Amino acid sequence: MAAAAGEPKKIIIDTDPGIDDAMAIFVALRSPEVEVIGLTTIYGNVYTTLATRNALHLLEIADRTDIPVAEGSHVTFTNDKKLRIADFVHGADGLGNQNFPPPEGKPIDMSATDFLVEQANLYPGKVTVVALGPLTNIALAIQKDPSFVKNIGQIVLLGGAFAVNGNVNPAAEANIFGDPDAADIVFTSGADVLAVGINVTHQVILTDSDRETLASSNGKFAQYLLKILEVYFNYHRDAYSTKGVYLHDPTAMLAAINPSLITYVEGAVRVQKNGITRGLTLLYNKQKRFAEITEWSDQPSVKVAVTVDAPAVLKLVLERLME
Ligand SMILES: O=c1[nH]cnc2c1ncn2[C@@H]1O[C@H](CO)[C@@H](O)[C@H]1O
């Protein structure tokens, strides 16, 4: 990939680390095309308190404690305290049950929402949010500051299952299921949104043999990830009978870094908020003008990824993690 012309793109990673989050964060830190200006945390793979701790820990591993961490919401957009936490995917600590020592650093004295609003105002049109968990913090930023949607450059989110089954249940993908109300706010906000769903990320698989390739590097990220990946591999073997793991978050990250790795279609996306299809994401391609005025009429278009150059994504992930 050619180095980005001019200044690197500023990104904020909204994250619930998480094993594939750790990979995505490390890939971003090794990508000259982007400058990571902050991490904001959210529940999802773990509770928010642990997400903050893990975010600080990962930055310490990377020797990047200069990057601020802002703690996000502990409840959903509708104030629901009953959260769905995917610790069975990532281990009880979110990072492969390694019992790492607690980080020395602390989050900044500002909420994730306030940090997102502040940075979007500071660099209008220049900040990309790469959202790797439920979208609560982003929806709160949209609610808090009506100019957020025009000030934020782009929101690239890992979420949704477009015209395929979900991974929480047949209807819903985990990040959207985690806070469907927030997701619907983000999709209908009018911001420049690119959704990378599991219809795309399930094509990007790190196999056992790729893991051996990773093991051949003595780079610090490769060696760290080998330790935490075991739990993620075990989960995929049990749940999907695959000899490999899906690279959800790294794929979304690379789509933000280099959009030419994916193709997308545009249309309105709405999210089902209740019932057995709660968390379902549905794309309306706007090819038909429907007779009735409905909840779909006049909704802004977003971008939804439909194809990915999976070999290129995998190659970049390995290259950057093995440096
Ligand atoms: O089966 C699953 N249930 C819940 N969360 C999952 C599952 N597989 C992966 N993830 C996590 O949710 C996001 C993708 O939907 C990824 O961040 C992944 O780590």
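Residues numbered from 1 in each chain as written. Predicted model: local features only at pLDDT ≥ 70, side-chain atom pairs only at ≥ 80, totals over all residues. Heavy atoms only, no water.

### A few points about the side chain of Thr128
Its place among the elements puts Thr128 in strand 4 (residues 127-131). In this view, Thr128 contacts Lys9, Lys10, Ile11, Ile12, Gln154 and Val156; residues no more than four positions away in its chain are not counted. (Helix = DSSP H or I, 4+ residues; strand = E, 2+ residues; numbered from the N terminus. Contact = heavy atoms within 4.5 Å.)

### Things to note about empty space enclosed by the protein
Scanning all chains against the criterion turns up two cavities of 30 Å³ or more. Estimates place the volume of the largest cavity at around 260 Å³. Residue lining of the largest cavity: 21 residues in total, with Asn45, His90, Asn167, Ala174 and His248 positioned closest to the centre. Of all the elements in the fold, those that place two or more residues in the lining of the largest cavity are helix 3 (87-90), helix 7 (174-178), helix 11 (220-240) and helix 12 (248-257). When residues in the lining of the largest cavity are grouped by element, the largest group, four residues, is from helix 11. Residue composition of the lining of the largest cavity, by class: 10 nonpolar, six polar and five charged. Its volume calculated, the second largest cavity comes out at about 60 Å³. (1 Å grid on protein atoms, 1.4 Å probe; cavity = no way out; pocket = protein on both sides within 12 Å on 5 of 7 lines; lining within 4 Å. Points joined across faces, edges and corners; volume = space filled by probe spheres on them. Nonpolar A, V, L, I, M, F, W, Y, C, P; charged D, E, K, R; others polar.)

### Some remarks on the site of the ligand
The environment of the ligand is made up of 15 residues, and the closest members are Asp20, His90, Asn167, Glu173 and Tyr235. Contact distances for the ligand include 2.7 Å between an oxygen atom and a side-chain N or O atom of Asp20. Those elements that place two or more of their residues in the shell around the ligand are helix 3, helix 11 and helix 12. Element by element, the count of residues in the shell around the ligand is highest for helix 11, at three residues. Across the shell around the ligand, the residue classes break down as seven nonpolar, four polar and four charged. (Near = heavy atom within 4 Å. Polar contact = N/O pair within 3.5 Å; in protein donor to acceptor, adjacent residues only side chain to side chain.)

### A closer look at the sheet that holds strand 9 (residues 262-271)
An order of 3-2-1-4-5-6-11-9-10 is seen for the nine strands of this open sheet, with the pairing classed as mixed. Single-partner strands in this sheet number two, and they are strand 3 (69-70) and strand 10 (281-284). Along the sheet, helix 8 (residues 180-187) makes contact with strand 5 (154-158), strand 6 (193-196), strand 9, strand 10 and strand 11 (302-308), crossing strand 9 at roughly 115°. (Pairing = 2+ DSSP bridges. Axes fitted to C-alpha atoms, helices over the stretch in contact; angles between N-to-C directions.)

### Quick word on the UniProt feature "domain: Inosine/uridine-preferring nucleoside hydrolase" (unreviewed entry) in the protein
Per the UniProt record, "domain: Inosine/uridine-preferring nucleoside hydrolase" (unreviewed entry) is annotated on residues 11-314. End C-alpha atoms of residues 11-314 are separated by 21 Å, and the span's content is 38% helix alongside 18% strand. (UniProt positions renumbered as here; feature names shortened; annotations may be inferred.)

### A word on helix 1 (residues 19-29)
Most of helix 1 is tucked away, with 11 of its 11 residues classed as buried. Buried within helix 1 we find Ile19, Asp20, Asp21, Ala22, Met23, Ala24, Ile25, Phe26, Val27, Ala28 and Leu29. (Buried < 20%, exposed > 50% of the residue type's maximum accessible area, 1.4 Å probe, protein only.)

### A short note on the nonpolar core
Within soluble globular proteins, side chains that are nonpolar tend to cluster in buried spots. Core analysis: the largest hydrophobic core is formed by 65 residues, its most contacted members being Ile13, Phe26, Leu206, Leu225, Leu229 and Leu321. Of all the elements, helix 11 adds the most residues to this core, at 11 residues. Once residues lying within four places of it in the same chain are set aside, the contact partners of Leu225 are Ala22, Met23, Phe26 and Leu321. (Core = buried A, V, L, I, M, F, W, Y, C linked by side-chain atoms within 4.5 Å.)

### Quick look at the packing of aromatic side chains
Throughout the structure, instances matching the rule amount to eight aromatic pairs. Arranged with centres 4.0 Å apart and planes meeting at 5°, the rings of Phe26 and Phe221 form a pair that is stacked. Linking Phe26 in helix 1 with Phe221 in helix 11, this pair joins segments that are 195 residues apart in sequence. The exposure class of Phe221 is buried, given its relative accessible area of 3%. Geometrically, the ring pair formed by Tyr235 and Tyr240 is edge-to-face, given 6.3 Å between the ring centres and 85° between the ring planes. (Phe/Tyr/Trp six-rings, centres within 6.5 Å; stacked < 30°, edge-to-face > 60°.)

### Section: the pattern of salt bridges
Per the counting criterion, the structure on display carries 12 salt bridges. As a salt-bridge pair, Asp63 and Lys220 come within 3.5 Å of each other at their nearest N and O atoms. Of this pair, Asp63 sits in the loop between helix 2 (48-61) and strand 3 while Lys220 sits in helix 11, and the two are 157 residues apart along the sequence. Residue classification places Asp63 among the exposed positions, given a relative accessible area of 61%. Exposure remark for Lys220: the relative accessible area of 37% places this residue in the partly exposed category. (Salt bridge = Lys/Arg side-chain N within 4 Å of Asp/Glu carboxyl O.)

### Section: the packing of helix 12 against helix 13 (residues 310-322)
Contact pair helix 12 / helix 13: the axes reach a minimum separation of 10 Å and the direction vectors enclose 95°. Considering their axes alone, helix 12 and helix 13 lie roughly perpendicular with respect to each other. Where helix 12 approaches helix 13, its residues Pro250, Thr251, Leu254 and Ile257 are matched on the opposing element by Val313, Leu316, Val317 and Arg320. Split into classes, the residues belonging to the contact of helix 12 with helix 13 amount to six nonpolar, one polar and one charged. (Parallel < 35°, antiparallel > 145°, perpendicular 65-115°, else oblique.)

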